[in-house]
Amino acid sequence: MTQLDDMRRAIREADPQLSRFDPLRRIICFDDFDRGMCGWTQLVGNYEITLDQMLPGYAQHTHAQLSTLPNWDFGSHGGVDGSYALKLATRAKRGARNVTLKRLTFRKAGPIRMECYFTFKPEATELQLMETDVRSFGFLYDLQVGDQHGAGGQRVMPHLRFLNAEDGKHLQKWQFKRKTTDIVPIGTVGKTISHYHLAPTDWEDLPGGEQRLCYNEIPTKINWHYLRFDFDLATMKATSFQVNDRSFDLSTFDSIRIPAMKNLWCMLNLCFFAETDTDKRAFAYLDSVCLSGDF
Amino acid sequence: MLPENLTAIVARNETWTGLAATEPYEAGWAREAIVFVRALKAPKGPLPTARIEISADGMHWVAEGSEFALPAKENAVTFQRVAHFGAFLRVAAALPEGAEITVLVSLHLKA
């Protein structure tokens, strides 16, 4: 630790907004949704000429919302800090999924750290606990090497999800994914392709990844969870993963890896997603997201 | 800081028949909205008016009172201004048998 590191840490720890994060040297973005959407938008699928060509997994996506977490029984829950959080809602159909993302590029292929506070709940359409209605909450990066990388460059997509429940079973475990679907052409011009990396297939259990999160006792009460994921853009490998008081072993973790694409150089996209296991909307909330890097 | 201003696509290439509505959109921060509806394909059959609906919780909906025409031709656009709508907003329509419209619905919200 240098004197500058000590000073940086002291300044951040004295800042009530940043003190609950542990960012690397530079903060790439710090998105507190009391300042608006902060660049989080909906993931739209690729298309050419007509929207009918969009893969159905993407066609279902809608726009994230600035939410006070309002509930029918006790009103607005509010965020961790301030009134607003980012809300991601699926449609009310079993297996439905929604994704919100932020699209960046990186300036140095080195370590990056994503930290957030998240929570999830189903839409409270019943006076039941409904703890198995949300299938999952998860996140992913969509990354690609720089244009000077040379042969063998990859597009790399680390995925992690908390599989809360599936087919009504309360599973509560973290999973990762190394496979996407086949890449298919979109349209006939020959410039556009697509694949569905969030397909429900090919999720693998993270060893030791079982975790019982605080869910609370009725369907409208939420508690926020801390999440941290470290990734090295130089080696394109995950280095650390923590949720609340638990750190997880990433020795078997790997990402979806496909050959680099011709127009995605230095891409740094961060996505969050939610999935529902029943015909109820699943809601995932974020407040806030802090992305930092060692550069 | 400039007030929040958001364009949210709440229905994209969705084909409406029968009772149809956009997904609930929470925007309690916004003082005003304009809803645009564009027909992405030539509509079929007699088109009803669309209505704005509001909700306290995103689950129980009531008509806000505003009604507007749905676009009658491919790429035609209609819109409705709304203000003072509380937290949740959606666009709904009841299409008679044989009627069909494929829509792009956007909300333009301002604090």
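Reference entry: report on the structure contained in this document. (Residues numbered from 1 in each chain as written. Chains lettered and ligands numbered in written order. Predicted model: local features only at pLDDT ≥ 70, side-chain atom pairs only at ≥ 80, totals over all residues. Heavy atoms only, no water.)

Here we come to the overall build of chain B. When helices and strands are tallied, chain B shows zero helices and nine strands. Along its sequence from the N terminus, chain B presents helices and strands in the succession β-β-β-β-β-β-β-β-β. Taken over C-alpha atoms, the radius of gyration comes to 14 Å for chain B, in line with the 13 Å a tight globule of 111 residues would show. (Helix = DSSP H or I, 4+ residues; strand = E, 2+ residues; numbered from the N terminus. Rg over C-alpha atoms; globule rule 2.2 N^0.38 Å.)

A separate point is the overall build of chain A. Scanning chain A from N- to C-terminus turns up two helices and 21 strands. By the compact-globule yardstick of 19 Å for 295 residues, chain A fits well, its C-alpha radius of gyration being 19 Å. Dimensions of chain A, computed from C-alpha atoms along their principal axes, come out at roughly 55 × 55 × 35 Å. In chain A, which comprises 295 residues, the share counted as buried stands at 57%. Sequence-distant contacts, at least 24 apart, represent 76% of the contacts inside chain A between residues at least 6 apart. If you sum the accessible surface of chain A, you get close to 12700 Å²; carbon and sulfur atoms cover 50% of it. Averaging the coordinates of the 36 positive side-chain charges in chain A and doing the same for the 37 negative ones gives two points 3 Å apart. (Buried < 20%, exposed > 50% of the residue type's maximum accessible area, 1.4 Å probe, protein only. Contact = heavy atoms within 4.5 Å. Areas by Shrake-Rupley, 256 points an atom, 1.4 Å probe, with all protein chains shown as cover. Lys, Arg positive; Asp, Glu negative; His and termini not counted. Charge placed at Lys NZ, Arg CZ, Asp CG, Glu CD.)

In this section: the interface of chain B and chain A. At the junction of the two partners, chain B supplies 22 residues and chain A supplies 30 residues. Across the interface of chain B and chain A, roughly 2000 Å² is buried in total on both sides, 49% from carbon and sulfur atoms. On the surface where chain B and chain A come into contact, there are four salt bridges. Measuring nitrogen to oxygen at the nearest pair gives 2.7 Å for the salt bridge that ties Glu14 of chain B to Arg91 of chain A. At the boundary of chain B and chain A, one finds 13 residue pairs in polar contact (both at pLDDT 80 or more). Of all the secondary structure elements, the ones that give two or more residues to the side of chain B that touches chain A are β1 (5-16) and β3 (25-26) of chain B. (Buried area = accessible area lost by both parts, 1.4 Å probe. Salt bridge = Lys/Arg side-chain N within 4 Å of Asp/Glu carboxyl O. Polar contact = N/O pair within 3.5 Å; in protein donor to acceptor, adjacent residues only side chain to side chain.)

This part is about unusual backbone geometry. All names here are of chain A. The step from Asp287 to Ser288 runs through a cis peptide bond, and the omega angle for that step is 10 degrees. Note on placement: Ser288 falls in strand β21 (residues 282-293). At Asn244, a residue that is not glycine, the phi angle is positive and equals roughly 50 degrees. By the element assignment, Asn244 lies in the loop between β17 (237-243) and β18 (246-247).

A separate point is the nonpolar core. Here is a general trend for soluble globular proteins: nonpolar side chains tend to be buried in one another's company. If you look at the biggest cluster of nonpolar residues, it comprises 78 residues, and the most contacted ones within it are Leu227, Phe229 and Phe241 of chain A together with Leu109 of chain B. The contact partners of Phe241 of chain A, leaving out residues within four places of it in the chain, are Phe139, Leu160, Trp174, Leu206, Leu227, Arg228, Phe229, Arg246, Ser247, Phe248 and Leu250 of chain A. The next biggest cluster of nonpolar side chains, apart from the first, holds 20 residues, and it includes Met54, Trp203, Ile256 and Met261 of chain A. (Core = buried A, V, L, I, M, F, W, Y, C linked by side-chain atoms within 4.5 Å.)

Further remarks concern the pattern of salt bridges. Residues and elements named next belong to chain A. With the rule as written, the count across this model stands at 26 salt bridges over all chains. With its nearest N and O atoms 3.8 Å apart, the salt bridge here joins Arg228 to Asp22. Of the two residues, Arg228 sits in strand β16 (residues 225-232) while Asp22 sits in the loop between α1 (3-14) and β1 (26-31), which places them 206 residues apart along the sequence. Taking the relative accessible area as the measure of exposure, Arg228 reaches 14% and is therefore buried.

With that settled, consider a nonpolar patch on the surface. All names here are of chain B. Judged by side-chain polarity, Phe36, Val77 and Phe79 come together as a nonpolar surface patch covering roughly 250 Å² of accessible area. Looking at the secondary structure, you find Phe79 in strand β7 (residues 77-83). Residue classification places Phe79 among the partly exposed residues on the basis of a relative accessible area of 41%. (Patch = residues over 30% accessible without salt bridge, like charges linked within 9 Å, V, L, I, M, F, W, Y side chains within 5 Å.)

Residues and elements named next belong to chain B. Pairing is antiparallel in the open sheet, where four strands are placed in the order β1-β9-β4-β7. Two strands in the sheet have a free side with no partner beyond their single neighbour: β1 and β7. Neighbour to neighbour, the strand axes of the sheet diverge by 15 degrees on average, direction disregarded. Pairing of strand β4 (residues 32-39) with β7, which is carried by seven bridges, proceeds in the antiparallel orientation. Considered in β7, the bridge of Ala33 is made with Val82. (Pairing = 2+ DSSP bridges. Axes fitted to C-alpha atoms, helices over the stretch in contact; angles between N-to-C directions.)

Okay, the packing of aromatic side chains next. Residues and elements named next belong to chain A. The full count for this structure, using the stated rule, is 24 aromatic pairs over all chains. Ring centres 5.4 Å apart and planes at 55 degrees place the aromatic pair Tyr117 and Tyr226 in the tilted group. In this pair, Tyr117 sits in strand β8 (residues 111-122) while Tyr226 sits in strand β16, placing the two residues 109 residues apart along the sequence. Neither residue differs from the other here; Tyr117 and Tyr226 are each classed as buried. With 5.4 Å between their ring centres and 40 degrees between their planes, Phe176 and Phe253 make a pair best called tilted. Residue Phe176 is found in strand β12 (residues 169-177), and its partner Phe253 is found in the loop between β18 and β19 (256-259); the two are separated by 77 residues along the sequence. Here Phe176 matches Phe253 in class, with each residue buried. One Lys or Arg, Arg20, reaches over the ring of Tyr117 and ends 5.2 Å from the middle of that ring. (Phe/Tyr/Trp six-rings, centres within 6.5 Å; stacked < 30°, edge-to-face > 60°. Lys NZ or Arg CZ within 6 Å of the ring centre and 35° of its normal.)

Before going further, it helps to examine the environment of Lys41 of chain B. Relative to the elements of secondary structure, Lys41 of chain B occurs in the loop between β4 and β5 (49-55). Residues Lys41 of chain B and Ala8 of chain B lie 33 residues apart in sequence; the distance between their C-alpha atoms is 21 Å. Contacts of Lys41 of chain B, omitting those with residues within four sequence positions, involve Asp52 of chain A together with Asn13, Glu74 and Thr102 of chain B. One polar contact links Lys41 of chain B to Asp52 of chain A, side chain to side chain, over a distance of 3.0 Å.

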